[in-house]
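Structural overview for review
Listed below, chain by chain, are the residues.
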Amino acid sequence: MTVRIGVLALQGDVREHRQALAAAGAESALVRTAADLAAVDGIVLPGGESTTISRLLGVFELYEPLRDALATGLPAYGSCAGMILLASEVLDTRPDMRCLAGIDMTVRRNAFGRQVDSFETDLVVAGVDGGPMRAVFIRAPWVERVGEGVQVLATVPTSASGPDGAAGTVVAVRQGNAVATSFHPEVTGDLRMHEYFVRLVRGRE
Ligand code: GLN
């Protein structure tokens, strides 16, 4: 079955996600309007700047359609800023930022520190076979609370040499058809996270 996965294309690393989806065997399409959204089987919310993407969701009249699509089970994968947008509550953000409540979780923006504090580590991700994956964190959020029904897919290992407070924090989650990672698999060439999402969209994960 060919699946068509949208990439929210208002701001952020849209091209990297499209390349990863293509390499993972999925067709992709840019989503900028409600009509674009209605034509896809799933959606990727890219990394970028969550407050900007949130503002542009309003400008492009996509906020309500996207929130409603998520509420009715449209498969979604958010990386970094995309994770922030999928949250139900965001800490350390602008007061006017609106998130989409696709996953019942509280995330803290820029939790690992500023740009210079970006870091990498190897992570075991539940449902992703083949050993740990290299995870790249860039001004990333972490997850401070998950609701019932949210599955934790990955936490930073206690042995990792990341910024203070990083060890043990939740950095990948899933609730129903929505998946989010603090890190950016679209920049490493490791396709397994995108393959996982493509399987989810196909109804096989
Ligand atoms: N710090 C950014 C934000 O708050 C996220 C960074 C990223 O997506 N790499 O949206």
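Because the structure is a prediction, the values reported are computed rather than measured.

This paragraph deals with the site of the ligand. The ligand sits among Gly47, Gly48, Glu49, Ser50, Cys80, Ala81, Ile84, Arg109, Asn110, Ile138, Arg139 and His184. Take Gly48: an N or O atom from its main chain is 2.9 Å from an oxygen atom of the ligand. Asn110 has a polar side-chain atom sitting 2.6 Å from a nitrogen atom of the ligand. Coverage of the ligand by the protein chains reaches 95% of its 300 Å² of free accessible surface. A breakdown of the residues in the shell around the ligand according to their chemical character gives four nonpolar, five polar and three charged.

Turning next to helix H3 (residues 50–59). Residues Ser50, Thr51, Ile53, Ser54, Leu56 and Leu57 constitute the buried set of H3. For H3, the elements touching its buried residues are strand E1 (4–8), helix H4 (63–71) and helix H5 (81–86). Glu61 occupies a position one or two residues after H3 and carries a positive phi of about 50°.

What follows covers the pairing of strand E3 (residues 42–45). Burial along E3 is two-sided: the residues Gly42 and Val44 and Ile43 and Leu45 are all buried. Of the strand pairs in this sheet, E1 and E3 are connected by three bridges, and their pairing is parallel. Within E3, the residue paired with Val7 across the bridge is Val44. As judged from the three bridges shared by E3 and strand E4 (residues 76–79), these two strands associate in the parallel manner. Each residue of the ladder has a partner; that of Ile43, found in E4, is Ala76.

Criteria and cut-off values
Residues numbered from 1 in each chain as written. Predicted model: local features only at pLDDT ≥ 70, side-chain atom pairs only at ≥ 80, totals over all residues. Heavy atoms only, no water. Near = heavy atom within 4 Å. Polar contact = N/O pair within 3.5 Å; in protein donor to acceptor, adjacent residues only side chain to side chain. Areas by Shrake-Rupley, 256 points an atom, 1.4 Å probe, with all protein chains shown as cover. Nonpolar A, V, L, I, M, F, W, Y, C, P; charged D, E, K, R; others polar. Buried < 20%, exposed > 50% of the residue type's maximum accessible area, 1.4 Å probe, protein only. Helix = DSSP H or I, 4+ residues; strand = E, 2+ residues; numbered from the N terminus. Contact = heavy atoms within 4.5 Å. Pairing = 2+ DSSP bridges.

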